[in-house]
Amino acid sequence: MRRSRRAALAACLVLAIAAPSCAALAQTVDELYASGVKARQAQHFEEAADLFRRALALKPDNTDALVQLGFAELGRDKLPAARDAFSRALSLAPAYRDASFGMAEVEFRSGNLDAALPLAESVAQADPGNADAAALVENIRKAKQAGKAKLASQAKPAPAAAAPSKQPTHQRPDPVAGLMEQGRRLRAAGKLPDAEKIYRRALRLAPKNTDVMVALGLVVGSSQRFDEAGHFFDRALATKPGLLDARLGKVRLAIWQGDAPRARALVDGLLASAPDNVEALDLDARVALLEADYARAGQSFKRVLAADPRNAEALVGIGDVRRAEGDDDAARQAYEQALAIEPGSADIEQRLAVPPPRKWRLDLGSEVSDLTDGLGDWTDSSAGLAYRLSPRMTVSGRTRLATRFGHTDIQIEGRVDRAFSPAFSAYALAAATPDADFLARYSIGAGASWQVVAPAKAFGPLTLNIDARYDNFADTGVTSISPWVQGYVLDGRLGLSARWVHAQDDIGTRADGYVLRADLAVTQHFNVFGGYADAPEISDGTLVPTRTAFGGISWDVSDPLTLRASIAHEQRPTFDRSIFGLGLTARF
């Protein structure tokens, strides 16, 4: 009994001593797999192979780990080990396309072109949008053709005593294929500049290789160099008219530029000729997201997953649809499923890092006005609370407290904002002032905004807007209409707007004017604005011609908090007015 107790105690001590060092290592299959994928993407192939073997020691039938081990061994140029890994994966999952692709790569590098070609063709036929498989098929065919030409050139009469060679002829793999694989890994790891360098080396070796052109277009487009990306896609199409990968690239380019109409026309043309192409369906869903057609986007992403349940891009798309619909929990579930398939994906990790949306917004503001000629001060304060019912609709309420010449009015306002599409939105409001002294007894208003030009390079977006309002006072009513245009330049950092103001009261008195304004994002968190107006002001039902110079700043102290300050000077016929304002916006 004592001996067993001592043995148990010793075992506990050993476990206690070993626990800290063991805890520092990944213990689960998923952790080992994720670490292995990161190591392989970083081209640390020996480390990756070791991690995948440890994962397989815990779960020998893990086909994903077997396939990743095969690619890690390919990276080390250990063809027999890679062949063994891919063979084991295919014995467990004969339809696993990545395993078939890996086996084709092994046979190709081994010089077994007759065995490599049907494997690569089966992957390319099952997934027409797989650019890597298509490139491998083309490289194998080129190698076979080159081998035949070489044999034909060497077919000369030999001396009678000469014996035929017993050594097999091995075709050296095309170096472009290795560069393409290296570039693909770098791009997947988010190392776009390095990937671009590799692809440009490949293009120098094979100036007419359309796969390299398309890969360069995708990398350059991801770097926001849209014109250059379009040049590469057009060059590929000039070399091979109708090339599917180049057409898909042009759709992606239109999506990146936010040009929904052009993207829709391009992807519809693709689906007409390849209705079941997985990548075309994925892009159709992306365009639908851009159009805010979430039902269509979800359907297309589900069609992709039906054809390829391990398509991480489609799972990310499902997450984007859920997030656009306002269901952040469901979005995160989809992103986590995608990350399990593609561990270490920077794109997916960025989506998961986005904090949950804040649906409430509190706006507080206060202004103090100093009037000339000893007329005293005016004050105007407001408190507003808004709630986002859905990504497309927000309801808000505001209370305004204003003082003029010893009188105080309290106005209550309600407003609804609705986005009907990414390009068109509208609002409506109603306000009332009980026992009004100088503010309108009641007001109704509406407005709309239409984005006519999407953001593109250094310019855009450009929006056309209109506001209309009716204010009812004790003695009269005033109708005001204000169309205005707003555009952005300098990659959206500088916004310029011009507004025309037209007002008319019930007895036919009319007044017109304008407002000019500029907004500049000095930094990501600090903005300034300024402008000039020569437009009528409505004061106790009277249209007062007023000239105003104004300016201000806003500072995003943190993601949920913004502070504001403003100053303005008005010139009216009877007095001047200097206005000082402070405010804040809190999101929660």
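To be clear, the structure that these remarks concern was listed above.
Heads up: these notes are all about the structure in this document. (Residues numbered from 1 in each chain as written. Predicted model: local features only at pLDDT ≥ 70, side-chain atom pairs only at ≥ 80, totals over all residues. Heavy atoms only, no water.)

## Comments concerning the pairing of strand S3 (residues 393-404)
Logical step 1: Pairing geometry for strand S2 (residues 377-390) and S3, over 11 bridges, is antiparallel. Residue pairing across strands places Thr 379 opposite Thr 403, the latter belonging to S3.
Logical step 2: The hairpin formed by S2 and S3 contains two residues between the paired strands.
Logical step 3: Sheet topology places S3 next to strand S4 (residues 407-419); 12 bridges connect them, and they run antiparallel. Across the sheet, Arg 404 pairs through a bridge with His 407, a residue of S4.
Logical step 4: Hairpin connection from S3 to S4: two residues lie between these consecutive antiparallel strands, with Phe 405 at a positive phi of about 50°. (Pairing = 2+ DSSP bridges. Helix = DSSP H or I, 4+ residues; strand = E, 2+ residues; numbered from the N terminus.)

## Examining a nonpolar patch on the surface
Logical step 1: On the surface, Phe 420, Phe 424, Trp 450, Val 452, Val 453, Leu 462, Leu 464 and Val 485 cluster together into a nonpolar patch covering about 650 Å² of accessible area.
Logical step 2: Among the elements that take part in the nonpolar patch, strand S6 (residues 442-453) stands out by supplying three residues, more than any other.
Logical step 3: Following the sequence through the fold, Val 453 ends up in strand S6. (Patch = residues over 30% accessible without salt bridge, like charges linked within 9 Å, V, L, I, M, F, W, Y side chains within 5 Å. Areas by Shrake-Rupley, 256 points an atom, 1.4 Å probe, with all protein chains shown as cover. Salt bridge = Lys/Arg side-chain N within 4 Å of Asp/Glu carboxyl O.)

## Overview of the environment of Leu 543
Logical step 1: In this structure, Leu 543 sits in strand S12 (residues 542-558).
Logical step 2: Linking Leu 543 and Leu 244, residues 299 residues apart in sequence, is a C-alpha distance of 63 Å.
Logical step 3: Look past the residues within four positions of Leu 543 in its chain and what remains in contact with it is Val 478, Ala 503, Gln 504, Asp 505, Thr 509, Arg 510, Ala 511, Glu 537 and Ile 538. (Contact = heavy atoms within 4.5 Å.)

## Some thoughts on the packing of helix H5 (residues 79-92) against helix H6 (residues 97-110)
Logical step 1: Where H5 meets H6, the closest approach of the two axes is 9 Å, and the angle between their N-to-C directions is 150°. Looking at the two axes, H5 sits roughly antiparallel to H6. Of the two possible hands of crossing, H5 and H6 adopt the one that is left-handed. Within the contact between the two elements, H5 uses Leu 79, Ala 82, Arg 83, Phe 86, Ser 87, Ala 89 and Leu 90 and H6 uses Asp 98, Ala 99, Ser 100, Gly 102, Met 103, Val 106, Glu 107, Arg 109 and Ser 110.
Logical step 2: Looking at side-chain class alone, the contact of H5 with H6 contains eight nonpolar, four polar and four charged residues. (Axes fitted to C-alpha atoms, helices over the stretch in contact; angles between N-to-C directions. Parallel < 35°, antiparallel > 145°, perpendicular 65-115°, else oblique. Left-handed = near helix turned anticlockwise from the far one by under 90°. Nonpolar A, V, L, I, M, F, W, Y, C, P; charged D, E, K, R; others polar.)

## Observations regarding helix H12 (residues 226-239)
Logical step 1: Between its first and last C-alpha atoms H12 spans 20 Å; for 14 residues at 1.5 Å apiece the expected length is 20 Å, and the two agree.
Logical step 2: Along H12, the positions that sit buried rather than exposed are Phe 226, Ala 229, Gly 230, Phe 232, Phe 233, Ala 236 and Leu 237. Looking down the long axis of H12, one finds its buried residues gathered within 155° of arc, a one-sided arrangement.
Logical step 3: For H12, the secondary structure elements touched by its buried residues are helix H10 (192-205), helix H11 (210-222) and helix H13 (244-256). (Expected span 1.5 Å × (residues − 1). Buried < 20%, exposed > 50% of the residue type's maximum accessible area, 1.4 Å probe, protein only. Arc of directions from axis to C-beta.)

## Section: the pattern of salt bridges
Side-chain pairing between opposite charges can occur once the charged atoms of the two side chains come close.
Logical step 1: Across all of its chains, the model carries 42 salt bridges by this definition.
Logical step 2: For Asp 50, the salt bridge goes to Arg 54, with nearest N and O atoms at 4.0 Å. Of this pair, Asp 50 and Arg 54 both sit in helix H3 (residues 45-58), four residues apart, which is roughly one turn of that helix.
Logical step 3: You can call Asp 50 partly exposed: its relative accessible area is 39%.

## Let's talk about unusual backbone geometry
Logical step 1: Within the chain, Ala 292 stands out as a residue other than glycine whose phi angle is a positive 65°.
Logical step 2: For Ala 292, the position within the fold is in the loop between helix H15 (278-290) and helix H16 (294-307).
Logical step 3: For Asp 540, which is not glycine, the phi dihedral falls at a positive 55°.
Logical step 4: Positionally, Asp 540 belongs in the loop between strand S11 (526-539) and S12.

## Comments concerning a negative patch on the surface
Logical step 1: On the surface, Asp 435, Asp 437, Asp 475 and Asp 540 cluster together to form a negatively charged patch.
Logical step 2: On the basis of relative accessibility, which here comes to 47%, the residue Asp 540 falls in the partly exposed class. (Lys, Arg positive; Asp, Glu negative; His and termini not counted. Charge placed at Lys NZ, Arg CZ, Asp CG, Glu CD.)

## Focus: the environment of Trp 256
Logical step 1: Residue position: Trp 256 is located in helix H13.
Logical step 2: Trp 256 sits 144 residues away from Asn 112 along the chain, and the two C-alpha atoms are 41 Å apart.

## Some thoughts on the packing of aromatic side chains
Logical step 1: According to the stated counting rule, one finds 11 aromatic pairs in the structure shown.
Logical step 2: Judged by centre distance (5.6 Å) and plane angle (85°), the rings of Trp 378 and Phe 405 are edge-to-face. Residue Trp 378 is located in strand S2, and its partner Phe 405 is located in the loop between S3 and S4; the two are separated by 27 residues in the primary sequence.
Logical step 3: In this structure Trp 378 comes out as buried when scored by relative accessible area, which is 4%.
Logical step 4: Judged by its relative accessible area of 47%, Phe 405 is partly exposed.
Logical step 5: Here the aromatic cluster, defined as three or more aromatic residues joined through ring pairs, consists of Phe 71, Phe 86 and Phe 101.
Logical step 6: Note that Arg 415 overlies the ring of Tyr 427, its terminal NZ or CZ placed 3.9 Å from the centroid. (Phe/Tyr/Trp six-rings, centres within 6.5 Å; stacked < 30°, edge-to-face > 60°. Lys NZ or Arg CZ within 6 Å of the ring centre and 35° of its normal.)

Remember that the coordinates give geometry; whether it matters functionally is a separate question.
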